[in-house]
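Chain and residue survey
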Amino acid sequence: MPSAGASLFLIALIAVLAPLLAGFVPRRLLPEVVLLLVFGMIVGPNVLGWAVDGSEVDLLRQLGLGMLFLLAGFEIDVSEITGRGGRRAVVTWLISLTAAFAAVLLLGRSGAVSAEIAVAIALTSTALGTLLPILKDSGLQSSALGRTVINHGAIGELGPVIAMAILLGSRGDIESIVILGLFVLAAIAVGFVPLALRREGSKLLAVIRRGSDTTAQTTVRLTVLLLITLTAIATVFGLDIILGAFAAGFILRRVMPTGDEQLEVKLGGLAFGFLIPVFFVTSGMSIDVSAVIAAPGVLVAFLALLVLVRGLPVFFATRWDAQSEFSTREQVRVALYATTGLPLIVAVTGVAVDSGQMSTASASILVAAGAITVLVLPMIATLLAGDTGASRSRRRPQEPGS
């Protein structure tokens, strides 16, 4: 069996090779996250067996997942998601969830699908954390199209996380809601601490600011402490760490409503330079290739369900609300981005497998479907853009509250 050191070496090597190889593909059509997944799958225990996901690697994997969702939560503008665009995204996600439950219950009766609740939640997810680098690299993050994707992505991550906490736990629904409420109260209490630290004139704030540019790196350390505190609290309450990481991102945005470019650069270096690649490579390592190859029809069915359950409602929501703003091609692009999913699919299937509700083979097929959406859908969205379409989206003025 490979040692933890050998596994970490291969993970680090893949983390370096993936962006270099992706950089040779014109127009960034191949996201590096896909290469991270594919190479992880190849070196993992289900193919070559050169790397294993032991306890040491798993700790880094969990930190990578946490950083991914912290950054996703930090990118969310609360005023944006509470405005018209955010409310539209909530309604759209609820429609997706209803359609997902209807679809999997029908398939469940035929015996084609097990763990219906987990599958339904996975079908409604949007990988905002995965999409953010793609949107940034393509210059779409601040465009009207990019903000619409972020709205749907924010709800497409937050909604499934809450659904997981309520519907996938071993507790009853009422008890799960109470536990979730207690976690929210605990997160709010934790959130008051960094707000208090930012009180102008405070000597402690002055020390923190002075240390942010020294070897102390106080702001980065405080952010990591915030992440670990919230994920630990989530674990104590029996909730997934994603919820804690997302809450940490929300709190960080509350503390710095206008952002902090210096801190964002440092966090990006820590997250995308080290921890997040570990998460994606190890996610690829967990895919059972033989199970995926043995059931190609199931894989295609899952992909079709993702498009129908998540993409179609987003397309119509964008079309009905913004006919004068987006062309049909741009509405399709928003729907394709919103259908891109992976981290939450990994999280949902992991919870279902741990609880005995889902087999490892079924989880592998779902994760493979999520990986394909990351590979194919943003690529198609980029091809649909064209230079003029992307430029037009970047030039549009921002609508307040949209």
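Look up: the structure comes first, before these words.
Below you will find a few notes about this structure.

Calculation rules
- Residues numbered from 1 in each chain as written.
- Predicted model: local features only at pLDDT ≥ 70, side-chain atom pairs only at ≥ 80, totals over all residues.
- Heavy atoms only, no water.
- Helix = DSSP H or I, 4+ residues; strand = E, 2+ residues; numbered from the N terminus.
- Buried < 20%, exposed > 50% of the residue type's maximum accessible area, 1.4 Å probe, protein only.
- Contact = heavy atoms within 4.5 Å.
- Areas by Shrake-Rupley, 256 points an atom, 1.4 Å probe, with all protein chains shown as cover.
- Lys, Arg positive; Asp, Glu negative; His and termini not counted.
- Charge placed at Lys NZ, Arg CZ, Asp CG, Glu CD.
- Core = buried A, V, L, I, M, F, W, Y, C linked by side-chain atoms within 4.5 Å.
- Salt bridge = Lys/Arg side-chain N within 4 Å of Asp/Glu carboxyl O.
- Phe/Tyr/Trp six-rings, centres within 6.5 Å; stacked < 30°, edge-to-face > 60°.
- Lys NZ or Arg CZ within 6 Å of the ring centre and 35° of its normal.
- Axes fitted to C-alpha atoms, helices over the stretch in contact; angles between N-to-C directions.
- Parallel < 35°, antiparallel > 145°, perpendicular 65-115°, else oblique.
- Left-handed = near helix turned anticlockwise from the far one by under 90°.
- Expected span 1.5 Å × (residues − 1).

1. Considerations on the overall build of the protein
The helix and strand inventory of the protein stands at 18 helices and zero strands. Judged by the C-alpha coordinates and their principal axes, the protein covers about 65 × 60 × 50 Å. Looking at the protein as a whole, 52% of its 402 residues qualify as buried. Put simply, 79% of the contacts in the protein that link residues at least 6 apart link residues at least 24 apart. Total accessible area on the protein stands at roughly 17600 Å², and carbon and sulfur atoms take up 68% of it. With 27 positive and 25 negative side-chain charges, the protein shows a separation of 8 Å between the mean positions of the two kinds.

2. Focus on the nonpolar core
In this structure, Phe183, Leu230, Leu239 and Tyr337 are the most contacted members of the largest nonpolar core, which totals 124 residues. For this core, the element with the highest residue contribution is helix 8 (residues 144-167), accounting for 11 residues. Those residues in contact with Leu230, other than ones at most four positions away along the chain, are Phe183, Ala187, Val190, Gly244, Ala247, Ala248 and Ile251.

3. Some remarks on the pattern of salt bridges
Under the counting rule described, the total for this entry stands at one salt bridge. The partner of Lys266 in a salt bridge is Asp213, with the nearest N and O atoms 3.6 Å apart. Placement of the pair is Lys266 in helix 13 (residues 261-285) and Asp213 in the loop between helix 10 (203-211) and helix 11 (218-236), with a sequence separation of 53 residues. The exposure class assigned to Lys266 is partly exposed, which follows from its relative accessible area of 22%. For Asp213, a relative accessible area of 52% puts it in the exposed group.

4. Quick look at unusual backbone geometry
Although it is not a glycine, Gln217 sits at a positive phi angle of roughly 45°. Classification of Gln217 by relative accessible area gives partly exposed; the value is 25%.

5. Some thoughts on the packing of aromatic side chains
Under the counting rule described, the total for this entry stands at five aromatic pairs. Aromatic side chains Phe69 and Phe246 sit 6.1 Å apart centroid to centroid with 55° between the ring planes, which places their arrangement in the tilted category. Of this pair, Phe69 sits in helix 3 (residues 55-75) while Phe246 sits in helix 12 (residues 241-255), placing them 177 residues apart in sequence. In terms of burial, Phe69 and Phe246 fall into one category: buried. When the ring of Phe183 is compared with that of Phe237, the centres are 6.4 Å apart and the planes differ by 85°; the resulting orientation is edge-to-face. Of this pair, Phe183 sits in helix 9 (residues 173-197) while Phe237 sits in the loop between helix 11 and helix 12, placing them 54 residues apart in sequence. An aromatic cluster is defined as three or more aromatic residues linked by ring pairs; in this entry it consists of Phe69, Phe246 and Phe250. When the ring centre of Phe74 is taken as origin, the NZ or CZ atom of Arg253, which lies over that ring, is 4.2 Å away.

6. Concerning the packing of helix 5 (residues 84-109) against helix 8
For the pair helix 5 and helix 8, interaxial distance at closest approach is 9 Å and the crossing angle is 50°. It follows that helix 5 is oblique to helix 8 by the angle criterion. Our pair here, helix 5 against helix 8, has a crossing hand that is right-handed. Contact with helix 5, carried on its side by Gly85, Gly86, Arg88, Ala89, Val90, Thr92, Trp93 and Phe101, involves Thr148, Asn151, His152, Ile155, Gly156, Gly159, Pro160, Ala163 and Leu167 of helix 8 and no other residues of that element.

7. So, the environment of Ile287
For Ile287, the location among the structural elements is in the loop between helix 13 and helix 14 (289-294). By relative accessible area, Ile287 is classed as buried at 5%. Ignoring sequence-local partners within four residues, the contact set of Ile287 consists of Met41, Asn46, Val292, Ser364 and Val367.

8. A few points about helix 2 (residues 32-43)
In this model helix 2 runs 17 Å from its N-terminal to its C-terminal C-alpha over 12 residues, within 8% of the 16 Å that 1.5 Å per residue would give. Listed as buried for helix 2 are Val33, Val34, Leu35, Leu36, Leu37, Gly40 and Val43.

The analysis is restricted to geometry; functional conclusions fall outside its scope.
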